[in-house]
Amino acid sequence: FAIAANTFREALRQRVLWVTFGFMVFLVGAALVLSPLTLGEGPRVVRDVGLSAISLGGMFLIVMVGTSLLSKELERRSIYVLLSKPVSRPEYLVGKYVGLVLMLAVTVALMTLTVFAVDRWMSHSWNPQILLCGAGTMAELAVLTAWTMVFSAVASPFLSGLFTLGCYLIGNTVGDLRELATILPSGREVLNGISYSLPNLYLFNFRSQVAQGLWPNADQLGFALLYAVLYSTLVLTCAVGLFRRREFA
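Since the structure is predicted, the reported quantities are computational estimates derived from the model, not experimental observations.

The rules behind the values
- Residues numbered from 1 in each chain as written.
- Predicted model: local features only at pLDDT ≥ 70, side-chain atom pairs only at ≥ 80, totals over all residues.
- Heavy atoms only, no water.
- Phe/Tyr/Trp six-rings, centres within 6.5 Å; stacked < 30°, edge-to-face > 60°.
- Helix = DSSP H or I, 4+ residues; strand = E, 2+ residues; numbered from the N terminus.
- Buried < 20%, exposed > 50% of the residue type's maximum accessible area, 1.4 Å probe, protein only.
- Lys NZ or Arg CZ within 6 Å of the ring centre and 35° of its normal.
- Salt bridge = Lys/Arg side-chain N within 4 Å of Asp/Glu carboxyl O.
- Expected span 1.5 Å × (residues − 1).
- Core = buried A, V, L, I, M, F, W, Y, C linked by side-chain atoms within 4.5 Å.
- Contact = heavy atoms within 4.5 Å.

K.L.:
In this structure, what is going on with the packing of aromatic side chains? I would like to understand it.
P.N.:
Any two aromatic rings considered together are summarised by their centre-to-centre distance and by the angle between their planes. Applying the stated rule across the entire model yields eight aromatic pairs. Ring geometry for Phe223 versus Tyr227: centroids 6.3 Å apart, planes at 35 degrees, classification tilted. A residue pair is termed a helical-turn pair when its members lie 3 or 4 positions apart in one helix, as Phe223 and Tyr227 do in helix α12 (residues 218-244) at four residues. Overall, the relative accessible area of 18% leaves Tyr227 in the buried class. Members of the aromatic cluster, joined through ring pairs, are Phe204, Phe223, Tyr227 and Tyr231. The ring centre of Phe243 lies 5.6 Å from the NZ or CZ of Arg89, which sits over that ring.

K.L.:
Can you walk me through the pattern of salt bridges in this structure?
P.N.:
Side-chain pairs of opposite charge can arise where the charged atoms are in close proximity. Enumeration over the complete set of coordinates arrives at one salt bridge. Here Arg47 makes a salt bridge to Asp119, at a shortest N to O gap of 2.5 Å. With Arg47 in helix α3 (residues 42-64) and Asp119 in helix α6 (residues 89-123), this pair connects stretches of sequence that are 72 residues apart.

K.L.:
Help me understand helix α7 (residues 129-154) in this model?
P.N.:
Three- or four-residue spacings in an α-helix give side chains the same orientation, since the helix completes a turn every 3.6 residues. Taking 1.5 Å of rise per residue, the 26 residues of α7 would be expected to cover 38 Å, and the 39 Å separating its terminal C-alpha atoms lies within 8% of that figure. A large share of α7 lies buried, amounting to 22 of its 26 residues.

K.L.:
Explain the nonpolar core here, please?
P.N.:
Within soluble globular proteins, side chains that are nonpolar tend to cluster in buried spots. Core analysis: the biggest nonpolar cluster contains 65 residues, and Val65, Met103, Trp147 and Phe204 have the highest contact counts within it. Residues contacting Val65, with those up to four places away along its chain left out, are Ala11, Gln14, Val16, Leu100 and Met103.

K.L.:
How do you make sense of helix α4 (residues 69-76) when you look at a structure like this?
P.N.:
Every buried residue of α4 is listed here: Leu69, Leu70, Ser71, Glu73 and Leu74. Arg77 occupies a position one or two residues after α4 and carries a positive phi of about 60 degrees.

Here it is as structure tokens:
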């Protein structure tokens with residue numbers, strides 16, 4: 001818990017966090033300004049742009065902040081001091097993960113409340129499904145952060161960021177990969193293996209439904225949250241195993 005709290009405070013001091021939040025507000029403001037040109041679809045466009053910006057902003061924060069947490073500890077050599085105390089490697093890595101997820105939770109909450117407030121002002125009605133969509137995005141980012149811990153345990157910050165970005169892009173197209181596998185004459189097993197091993201981030205995408213003012217299906221929501229917990233636990237366990245075997249120069 002001490003490592004998680006310290007990681008949380010350190011992540012909040014990163015300027016990139018507030019730059020990302022400012023850029024998200026800018027996108028929502030731009031959609032708001034251009035809403036008169038959308039022929040009465042202004043609230044839907046603002047919701048769609050705002051909720052998409054939350055997901056992209058969270059992914060950007062993971063790439064910029066999460067992938068460098070371990071490397072900074074190595075550069076400052078503070079990791080040697082921590083691991084020389086009664087702190088195990090699993091405790092250290094899980095603490096880093098929890099601290100980063102807490103930072104993302106605060107950021108996603110601020111962004112979601114911003115979209116919620118702008119939508120209330122535009123549509124003159126309460127749409128709490130926006131908050132539900134924010135929770136789905138947070139589950140998506142928690143899964144992606146677990147993979148970032150795996151990449152950070154074995155690769156440099158640059159490669160970790162590249163792998164995280166690839167994981168995000170592929171994870172949001174898992175459904176397309178599975179459909180492609182059914183029609184390809186060869187390579188079906190490879191595509192199926194990739195689609196089932198990487199996270200199915202499309203499960204957490206409620207943005208199109210919420211943008212139209214609809215509620216996500218309760219079964220879909222329950223399955224997505226259960227998937228996030230179980231999948232993140234499994235991936236984080238793999239990250240701990242890799243981190244235990246890592247040799248520090």
